[in-house]
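Remarks on the overall topology
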Amino acid sequence: MLIKHIKSSTLSEHEVTDEATYLNRRQLLKQFGYLGAASLLAQSMPAQSLDFFSNPKTHFQRHDLAYQQAADTQQVLTPEAKIISHNNFYEFGTSKSDPMDNSQTFKVNPWQLSISGAVDKPYVLDYDQLFRQFPLEERIYRLRCVEAWSMVIPWLGFPLAQLIKKAAPTSRAKFVAFETLYDPKQMPGQASRRIGGGIDYPYREGLRIDEAMHPLTFLAVGLYGKTLPPQNGAPIRLVVPWKYGFKSIKSIVGIKLVERQPPTTWNMLAAHEYGFYANVNPEVDHPRWSQASERRLTTGGLLARNRIATLPFNGYGEEVAKLYKNMDLRKYF
Amino acid sequence: MSSDAKNTAIFTVKAQRLRRRVWLLKLVIHCAALLPLLAIYSLAFADQLGADPVKAVMHFTGIGGFNLLLLTLTVTPLAKTFRAGYLLKVRRLLGLYSFSYGLCHVLSFLAFEVQFDWRLFVAEIIDRPYITIGMTAFTILLALAITSVSALQNKLGKNWQKLHNFVYVAALLIAWHFYWSVKSNIVEPLIYLLMVLVLLSLRKQKISRWLR
C-alpha cells in the first residue's frame with residue numbers, strides 16, 4: 001500500500017498565485033495603495049471618475065529589459081505613474097489622459113520599422129530586433145513640452161546614429177524623415193478628426209542629418225526598466241532632448257533618409273507657432289504663451305513650487321549649440 | 001368660509017409650494033456646484049489628480065464656470081417658455097457660482113500656474129491675447145457679482161440693467177478665450193460658441209434695443 005506523506009511545506013495547486021496576478025503584482029499593489037489613499041481622501045464623492053491613478057486601464061503587458069544603467073544624474077525623476085498617464089498622443093485622443101485610456105489594446109507585436117531612402121543598405125527591423133539589434137542603455141533626459149511643462153524620464157534604448165550607420169547613408173542623405181504607424185482601426189484619433197484634433201495623419205517628423213547623428217539623439221524602446229507602454233510610443237519612439245516634445249515622434253514605422261527638409265506635422269498645421277527646428281528656447285515665445293519658464297512635473301500636488309527657468313536647448317547647449325552656430329534661431333525657431 | 005378667504009388660502013398654499021420648490025432647487029445647485037469644486041481641490045492638493053494637477057484644476061474651473069454661465073443664461077428663456085417665474089429666483093445664485101468658478105480659475109492661475117510671479121502674471125495678461133480676453137470677461141463678471149446685492153440693485157436703478165447686459169459680452173469673450181486657448185482641437189470651443197449664440201439669439205429684440 002502506498003502511503004503518501006504530505007509535508008506541511010508542500011504547496012498544492014490551488015495555492016499557486018495565478019500567473020496573470022503574479023505578473024501584475026506591482027500594478028495591483030499600486031492600485032490598492034492609490035485606491036486606499038483616494039478613498040480616505042474622498043469618501044462620498046465620485047473619486048473613481050476624478051482619480052486618474054487608480055484607473056485600472058493600464059493593463060497593457062510590459063516586459064522587463066536588460067540594459068546598461070545610466071550614471072546617477074542627481075535629477076529628481078518624474079514618477080512612472082505620471083509619465084504613463086500624462087501624454088500628448090493625439091492618435092488616441094487630445095486630452096492628457098486619453099492616450100492611456102484608449103491605447104491599452106494597441107498591438108505592438110508584430111511590428112516593422114523600415115530604414116530606407118538615401119542609403120546603400122536599406123533594412124527592416126521586426127519587433128524582437130528592436131530590442132536585440134543594438135545594445136540597450138539607459139538615458140535620463142529632461143523632456144520639455146512646448147506647452148511649458150517638463151518631466152525627467154529614464155529612457156531605455158540606443159542612439160539613432162547606430163541605426164542610421166547600419167544602413168550606410170549616401171551623400172544625398174541631408175535630412176531624416178520619420179513616420180508614425182497609420183492604423184485608424186487601432187488609433188481612434190486617425191479615424192475621427194474630432195478625436196484626433198484635426199491633424200492630418202500619419203504623424204510626421206524630421207531632423208537634419210547632423211541632428212539625427214548627434215550622440216544625444218535617441219531611439220527609446222523602454223522606460224523605467226520595462227518596454228514602453230503604448231501611450232508613450234510603443235514599441236519604438238524618438239527622443240531628442242534639446243527640442244520640444246512634439247519632435248520626439250512615437251510608434252515609428254518608417255525612417256527615411258532624404259535630400260530635402262521633410263514636411264512635419266505641427267509645422268504643417270500651424271507654421272507660425274511650431275517651427276521645423278523647435279529647439280527649446282526661452283528667448284522665443286510661443287505666440288500664445290511664454291517659453292521663459294516651465295513647470296517641472298515630479299511629485300507634490302497643487303502646492304508644489306515647481307516653476308523653473310527654461311534653459312536654452314533644454315540645458316543641453318554645451319553639447320548641441322554648435323549645430324546651430326551661424327543660424328538666426330529667432331527665424332529658424 | 002367666504003370665497004375671498006378661500007382664494008387667499010389657496011394662494012398661500014401655492015406660494016408655499018413655490019417657495020419650497022425654489023428652496024429645493026437652490027439646494028441642488030449648491031450641491032452640484034460646490035461639492036465637485038471641493039473634490040477637485042482636495043484631490044489636487046493631495047496629488048491625486050493626474051500628472052499635472054494645476055492643468056486639471058485650470059480646465060475644471062474654466063469649463064465649469066462657463067457651463068454655469070450658460071446655465072444662468074438659460075434661466076430666463078426657460079422661465080418665459082414654461083411660465084415658471086419662480087425659476088428667476090435661482091438666477092443670481094447660478095450667476096454667482098459662475099463668478100466663483102471664474103475667481104478660482106484666475107486665482108489658481110496666479111497661485112499654482114505662475115506661482116505668484118507677479119511680473120509674469122501681468123506680462124501674460126498683457127502679452128497673451130487669449131488671457132487678455134479672459135481677464136476682460138472676468139472683470140465684467142466681477143462687476144456683475146459686486147452689484148448683484150439687492151441694495152446696490154435698487155440704488156443703480158435703470159443703470160443696473162444696462163450694466164448687467166454686459167453678461168452677453170462676457171459670454172462671447174469667454175467662448176473666444178476658450179477657442180484661442182486650445183492647441184488644435186477647435187470642435188469643443190465651437191460648440192460652446194454656438195450655444196452662446198443660440199442663447200443670445202433668444203434675446204434678439206432685447207439686445208438690438210440695447211445696442212441702438
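Think of each chain on its own: its residues are numbered from 1, step by step along the sequence as written. For this description, chains carry letters from A and ligands carry numbers from 1, given in the order in which they are written. Given that the model is predicted, a residue must reach a pLDDT of at least 70 before its local features are reported, and side-chain atom pairs must reach 80 or more before they are shown or counted; all residues, however, enter totals for whole chains, interfaces and linings.

As recorded in an unreviewed UniProt entry, chain B goes by Protein-methionine-sulfoxide reductase heme-binding subunit MsrQ and comes from Colwellia chukchiensis. UniProt positions are given in the numbering used here, feature names are shortened, and annotations may be inferred rather than shown by experiment. Within the UniProt record for chain B, the comment given under Subunit (unreviewed entry) is "Heterodimer of a catalytic subunit (MsrP) and a heme-binding subunit (MsrQ)." Per UniProt, the comment on chain B under Sequence similarities (unreviewed entry) is "Belongs to the MsrQ family."

An unreviewed UniProt entry annotates chain A as Protein-methionine-sulfoxide reductase catalytic subunit MsrP of Colwellia chukchiensis. In UniProt, chain A has this text filed under Subunit (unreviewed entry): "Heterodimer of a catalytic subunit (MsrP) and a heme-binding subunit (MsrQ)." For chain A, the Sequence similarities (unreviewed entry) comment in UniProt is given as "Belongs to the MsrP family."

Moving on to the nonpolar core. One finds Trp 155, Val 176, Leu 219, Ala 220, Val 221 and Leu 223 of chain A to be the most contacted residues of the largest nonpolar core, which totals 63 residues. Looking at this core element by element, the count peaks at 6 residues for strand β4 (residues 149-159) of chain A. Contact definition: two residues whose C-beta atoms, as placed from backbone geometry, lie within 7 Å. With residues up to four places along the chain from it excluded, the contact list for Val 221 of chain A reads Leu 130, Phe 131, Leu 136, Leu 156, Gly 157, Thr 227, Leu 228, Pro 235 and Ile 236 of chain A. Core analysis: the next-biggest nonpolar cluster, separate from the first, contains 28 residues, Phe 66, Ile 140, Ala 170 and Trp 176 of chain B among them. In these notes, a nonpolar core means any group of buried Ala, Val, Leu, Ile, Met, Phe, Trp, Tyr and Cys residues linked to one another through C-beta atoms within 7 Å. Put plainly, a residue is buried at 20 or more neighbouring C-beta atoms within 10 Å of its own, exposed at 12 or fewer, and partly exposed in between, counting only other residues' C-beta atoms, which are placed from the backbone. In this text, helices come from DSSP runs of H or I with a minimum length of four residues, and strands from runs of E with a minimum of two, each type numbered from the N-terminal end.

The next subject is the UniProt feature "domain: Oxidoreductase molybdopterin-binding" (unreviewed entry) in chain A. Sequence positions flagged by UniProt for "domain: Oxidoreductase molybdopterin-binding" (unreviewed entry) are, in local numbering, residues 107-266 of chain A. This span, residues 107-266 of chain A, is 14% helix and 36% strand, and a straight line between its end C-alpha atoms measures 26 Å.

All right, on to the UniProt feature "domain: Ferric oxidoreductase" (unreviewed entry) in chain B then. Per the UniProt record, the feature "domain: Ferric oxidoreductase" (unreviewed entry) sits at residues 65-174 of chain B. Along residues 65-174 of chain B one finds 83% helix and 0% strand; the C-alpha atoms at either end are 10 Å apart.

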